Amino acid sequence: MGVVRVFLGLGSNLGDRLGNLERGLGILGERIRLVKVSSIYETEPWGVVEQPAFLNCVVEGETADSPEGVLGILKEAERLVGRKFTFEWGPRVFDADLLFYGSRIVNLPDLKVPHPRMQERAFVLVPMAEIAPDFRHPMLGMTVEAMAARVGGREGVRWFAYAPELVGDGFPPSRE
């Protein structure tokens, strides 16, 4: 199959939010080649709003794993960082979502790619537009930059910090 470009959405709103993201990035980097990491953004909760603010970022990576394999890596990283299921859209120590798997469309019971609600989520589109503005949604035909310009809730996405500097290819992230 070869190497595929993937985009991952990461978030945390419990405990040491920045530390949780840094730990999750380190775990993911052991299995997926991390190419770019957006800045970290503090974001208002989406869906269930009565919970702490999130820290979010988007990661571009490369992998030879299947979409299902990437999902397994993400779930294992969530577990290792300490995620316990609360309820849908509830608070979490660490959350990792597969946003895009190249331009492939995946429709399985436990995995939908592109992520089915990403075009509604400023907390995904704003950081992704920072690192991949020209990436085109394979179903909608729009660039990430165009989706980010249209999405509601951008005012609830505030720059927080540059991504943690990690060891490996692509780090530290570009400070352009």
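Given the structure is predicted, the values throughout are model-derived calculations rather than measurements. (Residues numbered from 1 in each chain as written. Predicted model: local features only at pLDDT ≥ 70, side-chain atom pairs only at ≥ 80, totals over all residues. Heavy atoms only, no water.)

Caption draft 1: Highlighting helix H1 (residues 17-29). For H1, built from 13 residues, the straight-helix expectation of 18 Å at 1.5 Å per residue is met to within 8% by its first-to-last C-alpha distance of 18 Å. Every buried residue of H1 is listed here: Arg-17, Asn-20, Leu-21, Gly-24, Leu-25, Ile-27 and Leu-28. One face of H1 carries all of its buried residues, which in axial projection span an arc of 165°. Against the buried residues of H1 lie strand S1 (4-12), strand S2 (33-37), strand S3 (40-43), strand S4 (54-63), helix H2 (67-81) and strand S8 (157-161). (Helix = DSSP H or I, 4+ residues; strand = E, 2+ residues; numbered from the N terminus. Expected span 1.5 Å × (residues − 1). Buried < 20%, exposed > 50% of the residue type's maximum accessible area, 1.4 Å probe, protein only. Arc of directions from axis to C-beta. Contact = heavy atoms within 4.5 Å.)

Caption draft 2: Seen up close, the environment of Gln-51. Looking at where Gln-51 falls in the secondary structure, it is placed in the loop between S3 and S4. Overall, Gln-51 belongs to the buried group, its relative accessible area being 13%. Once the C-alpha coordinates of Gln-51 and Asn-13 are considered, the two residues, 38 residues apart in sequence, prove to be 8.1 Å apart. There is a polar contact of 3.0 Å between the side chain of Gln-51 and the side chain of Asn-13. (Polar contact = N/O pair within 3.5 Å; in protein donor to acceptor, adjacent residues only side chain to side chain.)

Caption draft 3: Molecular detail of the pairing of S1. Burial analysis of S1 places eight of its nine residues in the buried class, which makes it a mostly covered element. Strand direction decides the pairing type here: S1 and S4, joined by nine bridges, are antiparallel. From the neighbouring strand, Gly-9 faces S4, where its bridge partner is Val-58. Taken together, the six bridges between S1 and strand S5 (residues 95-101) define a ladder with antiparallel strand orientation. (Pairing = 2+ DSSP bridges.)

Caption draft 4: Layout of the pattern of salt bridges. With the rule as written, the count across this model stands at seven salt bridges. When the shortest N-O distance is used, the salt bridge between Arg-33 and Glu-62 registers 3.0 Å. Remark: Glu-62 occurs in strand S4 and Arg-33 occurs in strand S2; sequence separation between them is 29 residues. Note on Arg-33: relative accessible area 37%, which makes it partly exposed. For Glu-44, the salt bridge goes to Arg-158, with nearest N and O atoms at 3.7 Å. (Salt bridge = Lys/Arg side-chain N within 4 Å of Asp/Glu carboxyl O.)

Caption draft 5: Looking closely at the packing of H1 against H2. For the pair H1 and H2, interaxial distance at closest approach is 9 Å and the crossing angle is 135°. Here H2 runs oblique to H1, going by the angle between their axes. Viewed along their axes, H1 and H2 form a crossing whose handedness is right-handed. Here H1 contributes Asn-20, Arg-23, Gly-24, Ile-27 and Leu-28 to the contact with H2, which in turn contributes Ile-73, Leu-74, Ala-77, Leu-80 and Val-81. (Axes fitted to C-alpha atoms, helices over the stretch in contact; angles between N-to-C directions. Parallel < 35°, antiparallel > 145°, perpendicular 65-115°, else oblique. Left-handed = near helix turned anticlockwise from the far one by under 90°.)

Caption draft 6: Representation of the environment of Pro-138. Tracing the sequence through the fold places Pro-138 in the loop between helix H3 (122-131) and helix H4 (144-150). Note on Pro-138: relative accessible area 29%, which makes it partly exposed. Taking the C-alpha atoms as reference points, Pro-138 and Ile-105, 33 residues apart in sequence, are found 7.4 Å from one another. For Pro-138, the residues in contact, after removing those within four places along its chain, are Phe-100, Ser-103, Ile-105 and Pro-114.

Caption draft 7: Structural context of a nonpolar patch on the surface. On the surface, a cluster of nonpolar side chains totalling about 300 Å² of accessible area is made up of Ile-105, Met-139 and Leu-140. Along the chain, Leu-140 falls in the loop between H3 and H4. (Patch = residues over 30% accessible without salt bridge, like charges linked within 9 Å, V, L, I, M, F, W, Y side chains within 5 Å. Areas by Shrake-Rupley, 256 points an atom, 1.4 Å probe, with all protein chains shown as cover.)

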